[in-house]
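An overview of the molecular structure
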Amino acid sequence: MDHLIEVSFKGNRREFFRWKFEEAPPGKAAIIVETDRGEDLGRVHSTGELAERRKAGTTHGKEQSGPLRTAVRLASGEEIARGTALRVDEEQARRIAVQRARALNLEMKVSDAEWQFDRRRLTFYFTAEERIDFRSLVRQLEAHFAVRVQMWHIGPRDEARRLDGVGHCGRQLCSSSWLPELLPVKTSLAKEQRLSTITPTQISGACGRLMCCLRYEHEFYVQARKRFPKHGKLVQ
């Protein structure tokens, strides 16, 4: 019997896989999964009904299109240790990428690096105000690390999701903990929630953009306002 499982990777990246064993894996278990170029190490985020709901695209998740790949097996103690060692190597790789980018005068911020578990691919995530020609940087990094290097241009919201943090509310960032999709937040939403007179920094998140909750809480405010008199109306 196949089980649908949701697997989390570094940077709060999550994907769905098929588990071709009789019993579903335990929550937070480290497992080895198939990728388009080898194997990767992740941890079980959800299984069963919860995974089905998240894959279906409810408020808890986002629909993943395309056929699902297979989760190969539970990770051994040695493989878990190797995965932990990769996290240390990734910071060193990021520092090297930052140095090479500065030497090439590239206006970019390399915020994170991620090794694939089998070390067949190294991915760098960066932010930049304008389009960057990073081909020379990729060639230098591939020569240095002797693997295929990928560069991903991400936005400030995606960067906050990868690096994680705490919001004004004192809780973990919504983008990192549960929010399935990062969508633009317009200033009109702040106006409709009577927040437009507040200093922009007070309604901006760790990413420097308007907080995600202004968008996903908007419908609640719209419905709640219908139950109350309009501003300035005399009531008895």
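Above this text sits the structure in question.
Residues numbered from 1 in each chain as written. Predicted model: local features only at pLDDT ≥ 70, side-chain atom pairs only at ≥ 80, totals over all residues. Heavy atoms only, no water.

On to the sheet that holds strand 6 (residues 109–115). Reading across the sheet, the three strands line up as 6-7-8 and stay open at both edges, with mixed pairing between neighbours. Across the chains shown, the open sheet's two edge strands, defined by having one partner strand only, are strand 6 and strand 8 (148–153). Taking each pair of neighbouring strands and ignoring which way they run, the sheet shows an average axis angle of 20 degrees. Each of strand 6 and strand 7 (121–127) touches helix 4 (residues 156–163); the most contacted strand, strand 6, lies at about 45 degrees to it. (Pairing = 2+ DSSP bridges. Helix = DSSP H or I, 4+ residues; strand = E, 2+ residues; numbered from the N terminus. Axes fitted to C-alpha atoms, helices over the stretch in contact; angles between N-to-C directions. Contact = heavy atoms within 4.5 Å.)

Quick look at the pairing of strand 6 now. Within strand 6, six of the seven residues are buried, leaving the element largely enclosed by the surrounding structure. Relative to strand 7, strand 6 runs antiparallel, the two being bridged by six bridges. Its bridge partner lying in strand 7, Asp-112 is registered against Tyr-125. Connecting the antiparallel pair strand 6 and strand 7 is a turn made up of five residues, with Arg-119 showing a positive phi of about 60 degrees. (Buried < 20%, exposed > 50% of the residue type's maximum accessible area, 1.4 Å probe, protein only.)

Next up on the list: empty space enclosed by the protein. Within the structure shown, the criterion is met by one cavity of 30 Å³ or more. Lining the largest cavity are Asp-40, Leu-41, Gly-83, Leu-86, Arg-87, Trp-115, Gln-116 and Phe-117. Only strand 4 (38–47) and helix 2 (77–103) provide two or more residues apiece to the lining of the largest cavity. At three residues, helix 2 tops the list of elements feeding residues into the lining of the largest cavity. Looking at the lining of the largest cavity residue by residue, the classes come out as four nonpolar, two polar and two charged. (1 Å grid on protein atoms, 1.4 Å probe; cavity = no way out; pocket = protein on both sides within 12 Å on 5 of 7 lines; lining within 4 Å. Points joined across faces, edges and corners; volume = space filled by probe spheres on them. Nonpolar A, V, L, I, M, F, W, Y, C, P; charged D, E, K, R; others polar.)

Time to look at the packing of aromatic side chains. In this structure the tally under the stated criterion is seven aromatic pairs. Measuring from ring centre to ring centre gives 4.7 Å for Trp-19 and Phe-21, while their planes differ by 50 degrees; the resulting arrangement is tilted. What makes Trp-19 buried here is its relative accessible area of 4%. Phe-21 gets classed as partly exposed once you look at its relative accessible area, which sits at 39%. Look at Trp-178 and Tyr-216: their rings are 4.9 Å apart centre to centre, the planes differ by 75 degrees, and that puts the pair in the edge-to-face class. (Phe/Tyr/Trp six-rings, centres within 6.5 Å; stacked < 30°, edge-to-face > 60°.)

This part covers the pairing of strand 7. Most of strand 7 sits out of view: seven of its seven residues are buried. Residues of strand 7 alternate between two faces, with Arg-121, Thr-123, Tyr-125 and Thr-127 on one and Leu-122, Phe-124 and Phe-126 on the opposite face, all of them buried. Direction of pairing for strand 7 relative to strand 8: parallel, over a ladder of six bridges. Bridging across to strand 8, Tyr-125 finds its partner in Trp-152. Read from strand 7 through helix 3 (residues 135–145) to strand 8, the crossover connection turns out right-handed. (Right-handed = clockwise from strand over helix to strand, strands pointing away.)

The end-to-end C-alpha distance of helix 2, which contains 27 residues, comes to 40 Å, matching closely the 39 Å that a straight helix rising 1.5 Å per residue would cover. Residues of helix 2 that are buried: Glu-79, Gly-83, Leu-86, Glu-90, Ala-93, Ile-96, Ala-97, Val-98 and Ala-101. On its buried side, helix 2 packs onto strand 3 (30–35), strand 4, strand 5 (69–74), strand 6, strand 7 and helix 3. Of the residues trailing helix 2, Asn-105 is marked for its positive phi of about 60 degrees. (Expected span 1.5 Å × (residues − 1).)

Another point: the sheet that holds strand 1 (residues 3–9). On the basis of which strands lie adjacent, the closed barrel formed by five strands has the order 1-2-5-3-4 and mixed pairing. With strand direction ignored, the average angle separating the axes of adjacent strands in the sheet is 55 degrees. Relative to strand 5, strand 3 runs antiparallel, the two sharing three bridges. Bridge assignment links Ile-32 to a residue of strand 5, and that residue is Arg-73. Contacts from helix 1 (residues 48–56) reach strand 1, strand 2 (13–19) and strand 4 within the one sheet, and its direction differs from that of strand 4 by about 105 degrees. Packed onto the sheet, helix 2 meets strand 3, strand 4 and strand 5 and runs at close to 100 degrees relative to strand 4.

With that settled, the discussion passes to the pattern of salt bridges. Under the criterion given, the structure shown has 19 salt bridges. With a closest N to O distance of 3.0 Å, Arg-13 and Glu-15 form a salt bridge. Judged by relative accessible area, Arg-13 falls into the partly exposed class, the value being 24%. Using a relative accessible area of 19% as the deciding quantity, one classes Glu-15 as buried. A salt bridge links Arg-162 to Asp-112; its shortest N-O distance comes to 2.9 Å. (Salt bridge = Lys/Arg side-chain N within 4 Å of Asp/Glu carboxyl O.)

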